[in-house]
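# Structural description and commentary
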Amino acid sequence: MPSYTVTVATGSQWFAGTDDYIYLSLVGSSGCSEKHLLDKAFYNDFERGAVDSYDITVDEELGEIQLVKIEKRKYWLHDDWYLKYVTLKTPHGDYVEFPCYRWITGDSEIMLRDGRAKLARDDQIHILKQHRRKELETRQKQYRWMEWNPGFPLSIDAKCHKDLPRDIQFDSEKGVDFVLNYSKAMENLFINRFMHMFQSSWHDFADFEKIFVKISNTISEHVMKHWQEDLMFGYQFLNGCNPVLIRRCTQLPPKLPVTTDMVECSLERQLTLEQEVQEGNIFIVDYELLDGIDANKTDPCTRQFLAAPICLLYKNLANKIVPIAIQLSQTPGEDNPIFLPSDAKYDWLLAKIWVRSSDFHVHQTITHLLRTHLVSEVFGIAMYRQLPAVHPIFKLLVAHVRFTIAINTKAREQLICEYGLFDKAIRARGMDSAEDIPYYFYRDDGLRVWEAIRSFVAEVVDLYYESDQVVAEDAELQAFTKDVYVYGMRGSKASGFPKALRSCEQLTEYLTVIIFTASAQHAAVNFGQYDWCSWIPNAPPTMRAPPPTAKGMVTIEQIVETLPDRGRSCWHLGAVWALSQVQENELFLGMYPEEHFIEKPVKEAMARFRKNLEAIVSVITERNKNKKLPYYYLSPDRIPNSVAI
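Residues numbered from 1 in each chain as written. Predicted model: local features only at pLDDT ≥ 70, side-chain atom pairs only at ≥ 80, totals over all residues. Heavy atoms only, no water.

## Overview of the overall build of the protein chain
Defined as follows: Helix and strand assignments follow DSSP, with helices taken as H or I runs no shorter than four residues and strands as E runs no shorter than two, numbered in order from the N terminus. Burial classes follow relative accessibility: with a 1.4 Å probe on protein chains only, a residue under 20% of its type's maximum area counts as buried, one over 50% as exposed, and anything between as partly exposed. Areas reported as accessible are Shrake-Rupley estimates using a 1.4 Å probe. Residue values count occlusion only from the protein chains shown.
A tally of regular secondary structure across the protein chain gives 18 helices and 15 strands. Within the protein chain, the fraction of its 645 residues that count as buried is 58%. Of the roughly 27600 Å² of accessible surface on the protein chain, a fraction of 51% belongs to carbon and sulfur atoms.

## Here's the deal with the packing of helix α7 (residues 345-386) against helix α14 (residues 504-526)
What counts, and what does not: Angles here are taken between N-to-C directions and fall from 0 to 180 degrees, while the axes themselves are lines fitted to C-alpha atoms, restricted in helices to the stretch in contact. Note on convention: near helix rotated counterclockwise from far helix by under a right angle means a left-handed crossing. Clockwise means right-handed. We call two residues in contact whenever any of their non-hydrogen atoms come within 4.5 Å of each other. Side-chain classes are defined by residue name, with Ala, Val, Leu, Ile, Met, Phe, Trp, Tyr, Cys and Pro counting as nonpolar, Asp, Glu, Lys and Arg as charged, and the others, Gly among them, as polar.
Contact pair α7 / α14: the axes reach a minimum separation of 10 Å and the direction vectors enclose 145 degrees. Between α7 and α14 lies a crossing of left-handed hand. Each of His 363, Thr 367, His 368, Arg 371, Thr 372, His 373, Val 375, Ser 376 and Phe 379 in α7 lies in contact with α14, whose residues at this interface are Tyr 510, Ile 514, Thr 517, Ala 518, Gln 521, His 522, Val 525 and Asn 526. A per-class count over the contact of α7 with α14 returns six nonpolar, 10 polar and one charged.

## So, the pairing of strand β2 (residues 21-28)
So the rule is basically this: The pairing criterion is simple: DSSP has to find at least two bridges between the two strands.
In terms of burial, β2 is largely enclosed, as six of its eight residues are buried. Looking at chain direction, β2 and strand β3 (residues 36-37) are connected through two bridges and run antiparallel. Opposite Tyr 23, over in β3, you have Leu 37 as the bridge partner.

## Looking at the sheet that holds β3
Taken together, four strands build an open sheet; the order of strands is β3-β2-β5-β8 and the sheet is antiparallel. At either end of the open sheet lies a strand with only one pairing partner, and these are β3 and β8 (108-113). Strand direction decides the pairing type here: β2 and strand β5 (residues 65-73), joined by eight bridges, are antiparallel. Each bridged residue has a counterpart across the sheet, and for Gly 28 the counterpart in β5 is Ile 65.

## Here we look at the sheet that holds strand β11 (residues 247-248)
If you walk across this open sheet you meet the five strands as β11-β12-β13-β14-β15, and the pairing is antiparallel. Taken across any chain shown, the strands that pair with only one partner, and hence form the sheet edges, are β11 and β15 (338-339). Relative to strand β14 (residues 321-327), helix α4 (residues 230-239) is tilted by about 95 degrees, and along the sheet it contacts β12 (282-286), β13 (310-315) and β14. Sitting on the sheet, α7 touches β13, β14 and β15, and the angle it makes with β14 is about 95 degrees.

## A few points about the pattern of salt bridges
What counts is decided by this rule: For this document, the term salt bridge refers to a Lys or Arg side-chain nitrogen within 4 Å of an Asp or Glu carboxyl oxygen.
With the rule as written, the count across this model stands at 36 salt bridges. In this structure, Arg 121 engages Glu 466 in a salt bridge whose closest nitrogen and oxygen atoms are separated by 3.4 Å. Accessibility expressed as a relative area gives 45% for Arg 121, which makes it partly exposed. By relative accessible area, Glu 466 is classed as exposed at 64%. Of the charged contacts, one joins Arg 385 and Asp 483 as a salt bridge, the two residues approaching to 2.7 Å between their closest N and O atoms. One exposure class covers both Arg 385 and Asp 483, and it is buried. One network of salt bridges, with partners in common, ties together Lys 35, Lys 69, Glu 71, Arg 73 and Glu 109.

## Some remarks on the nonpolar core
The condition that has to hold: For the purposes of this section, nonpolar cores are sets of buried Ala, Val, Leu, Ile, Met, Phe, Trp, Tyr and Cys residues that join through side-chain atoms within 4.5 Å.
Core analysis: the biggest nonpolar cluster contains 137 residues, and Ile 246, Tyr 465, Phe 480 and Trp 532 have the highest contact counts within it. Broken down by element, the residue count for this core peaks at 20 residues, all from α7. Among the nonpolar cores identified, the runner-up in size contains 24 residues, and Leu 26, Ile 56, Trp 81 and Ile 110 belong to it.

## Points about helix α3 (residues 218-226)
Within α3, the full set of buried residues consists of Ile 219, Ser 220, His 222, Val 223 and Met 224. Packing partners of the buried residues in α3 comprise α4 and α15 (529-533).

## Some thoughts on the packing of aromatic side chains
Keep this limit in mind: We call Phe, Tyr and Trp rings a pair once their centres come within 6.5 Å, taking the six-membered ring for Trp, and we label the pair stacked below 30 degrees between planes, edge-to-face above 60, and tilted otherwise.
Under the definition given, this model contains 21 aromatic pairs. Ring geometry for Tyr 82 versus Trp 103: centroids 5.3 Å apart, planes at 70 degrees, classification edge-to-face. Highlighted residues: Tyr 82 in strand β6 (residues 81-89) and Trp 103 in strand β7 (residues 95-104), separated in sequence by 21 residues. Across the pair, exposure class does not vary: Tyr 82 and Trp 103 are buried alike.

## A short note on unusual backbone geometry
Notably, Phe 46 is not glycine yet its phi reads approximately 60 degrees, a positive angle. Positionally, Phe 46 belongs in the loop between β3 and β4 (51-57). For Phe 46, a relative accessible area of 2% gives the class buried. Residues other than glycine seldom take positive phi values, yet Arg 490 does so here, at roughly 60 degrees. With respect to the helices, strands and loops of the structure, Arg 490 is situated in the loop between α13 (475-488) and α14. For Arg 490, a relative accessible area of 35% puts it in the partly exposed group.

## A look at the pairing of β14
Residues in a regular strand point their side chains to alternate faces of the sheet. In terms of residue burial, β14 counts as a mostly covered element, since seven of its seven residues are buried. Hairpin geometry of β13 and β14 is characterised by an intervening segment of five residues between the two adjacent antiparallel strands and by a positive phi of about 65 degrees at Asn 319. Sheet topology places β14 next to β15; two bridges connect them, and they run antiparallel. By the bridge assignment, Gln 327 is partnered in β15 with Ile 338.

## What to know about a nonpolar patch on the surface
Our working rule: Surface patches are drawn from residues lacking salt bridges whose relative accessible area is over 30%; two like charges belong together within 9 Å, two nonpolar side chains (Val, Leu, Ile, Met, Phe, Trp, Tyr) within 5 Å.
On the surface, Tyr 21, Leu 37, Tyr 75, Trp 76 and Leu 77 cluster together into a nonpolar patch covering about 620 Å² of accessible area. By the element assignment, Trp 76 lies in the loop between β5 and β6.

## Structural notes on α7
Spelled out, the test is: Each residue after the first adds 1.5 Å to the expected span of a helix. Bend at a given residue is defined as the angle between two axes, one fitted to the seven residues that end at that position and one fitted to the seven that begin there.
Here α7 contains 42 residues, and its C-alpha end-to-end distance of 58 Å stays within 8% of the 62 Å for a straight helix at 1.5 Å per residue. The largest bend along α7 reaches roughly 50 degrees and is located at Leu 369. In terms of burial, α7 is a largely internal element, 38 of the 42 residues being buried.

## With respect to the confidence of the model for the protein chain
This is how it is decided: Scored from 0 to 100, pLDDT reflects the predictor's confidence in each residue.
The predicted model of the protein chain averages 88 in pLDDT, with 90% of residues at 70 or higher. Throughout residues 189-198 the model reports pLDDT below 50, and contacts reaching past four residues in sequence, or to other chains, amount to 35 contacts.

## Focus on the side chain of Asn 624
Selection rule: Within 3.5 Å is the distance limit for a polar contact, defined as a pair of N or O atoms, with the added protein rule that one can donate a hydrogen and the other accept it, and that residues adjacent in sequence qualify only through two side-chain atoms.
Examined against the element boundaries, Asn 624 turns out to sit in helix α18 (residues 600-624). In this structure Asn 624 comes out as buried when scored by relative accessible area, which is 13%. Of the polar contacts made by the side chain of Asn 624, one reaches the backbone oxygen of Tyr 631; its length is 2.9 Å. Among residues more than four places away in sequence, those in contact with Asn 624 are Pro 630, Tyr 631 and Tyr 632.

## Details of the packing of helix α1 (residues 126-142) against α7
Just so we agree on the cut-off: Roughly parallel covers angles under 35 degrees, roughly antiparallel covers those over 145, roughly perpendicular covers 65 to 115, and oblique covers all other angles.
Running from N to C, α1 and α7 cross one another at 140 degrees; their axes reach a closest spacing of 7 Å. By the criterion of interaxial angle, the relationship of α1 to α7 is oblique. Touching Leu 136, Arg 139 and Gln 140 of α1 are Met 383, Tyr 384, Arg 385 and Gln 386, all from α7. Grouping the amino acids of the contact of α1 with α7 by side-chain chemistry returns three nonpolar, two polar and two charged.

Next comes the structure, spelled out in structure tokens:
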């Protein structure tokens, strides 16, 4: 009688093993086997991290194995089990891999297909078509869209983390990390003694060092020493936490009535301001998004204020970016002066602080939350709803949405765009010339990583889509794209996302956006938060007095009274420290330990991808040598695969 050897791998995360009864059945082209209990005498099967093998004898030849059926039945108490994969050695000596990488909960069963990626058109056998359809029907009941906040992309229909499907919940250790990170921050930063001091102001800038000096960090210490300097202020628009707002100014906006006479002392080329604009030396950052927004009212005892400033910047003869004019609200007028570097020291300093506070708010809500977290969640939900596990695009993307829906659900539970073509976005802002703007490391490194991802994605797309017609006729792919547009982006043409994909090139670009957003873009705007925001005056999370409406009135005492109080400063410091931490078990760009793909050509493409990423790491490491302000957020060895913090 034919005999098979079945190898079963259990996950290594906490509580992955099970004591429940596990049964296996084989479904072949010529017949089905009986149900076999996988159990060894005097042996503890399916322990965490175990790889167990079992010999199974069947009554008759089954033909080509099409499905493996796994059933879990309660032994004593329900005991969830994380199954990585099943490998089958056939009577002919062939090995067939059946990836799973899922939790099996309660009394339930799952059907596994072999690991070869297949488009719907490749499945001609009825049982495989049926399996594909049932998988999506089940997932669409589990992964439902919900409006979290008017105007935002739709999110997962779950009120809290435990309501999520088990497969996308945090592993236990990841959940523990999330819960403990903030309390660790309080302890490590030694700021518990200040936590209760709301409405208690600091005495002066040096007083902020009481909550700062506990952790040594090269960049944050440099920020503390140089934050008042115009060069440091300008540098952060290029390589700080929010390097996506600065754009070349091609025409001075009427709402900012700045003149050559006002800024003449800042211009170094003996040109008028208008001529400097024509030469491409003037840049602008406009926080118009914040105009008319009410400040956070989480603390009823403290009034909080927002501004919507406009900041004009200049590229000097050293090719460095410096501020030359700041207007703190959108409508010009006598009570809305344009602040200049030639003004009194504290007038100019407070104007810059207001810009930094506005930048912090836009960074947190738009750059970070909306354009990485929420957009990546949209991709994840649509992927689970419309792409079966056997689809090559599911296999490509699943590592890049790992824990994203979970972290966003946690954030909605506890805390609380444009189509992201990186290369085109850089050009649209007039920031693409490395010769003209030589110190824009976010651009330089981002383009390298973008191209590495695009090249890898193109290889995978070419393996499974032989023509544009195959892309256009892939109904599951089109349903995925439509789900993103109609539900995730709420049918907004302004989002720039397409309703459908019609070519291999368009598919490659689309997938590159998804992977880059979830990995590199999130790393660029998230992991520098402690570096750039831990010195509170450089990134105030709240302001306790309104913007000044006249010049010559600002004192150091007024600035300190405007900055966050002791308690809120500590909460802020703990938050940016916790958000900047990489988890011990983090998976970085190019790492695919879950082998959803089994085909050799894809594995070879992955190896080339990793080699390209290693080359980028070497370039960045060499550039950063001896730099006082190294830029490493887009070094691939520091870019997690997905949005998971």
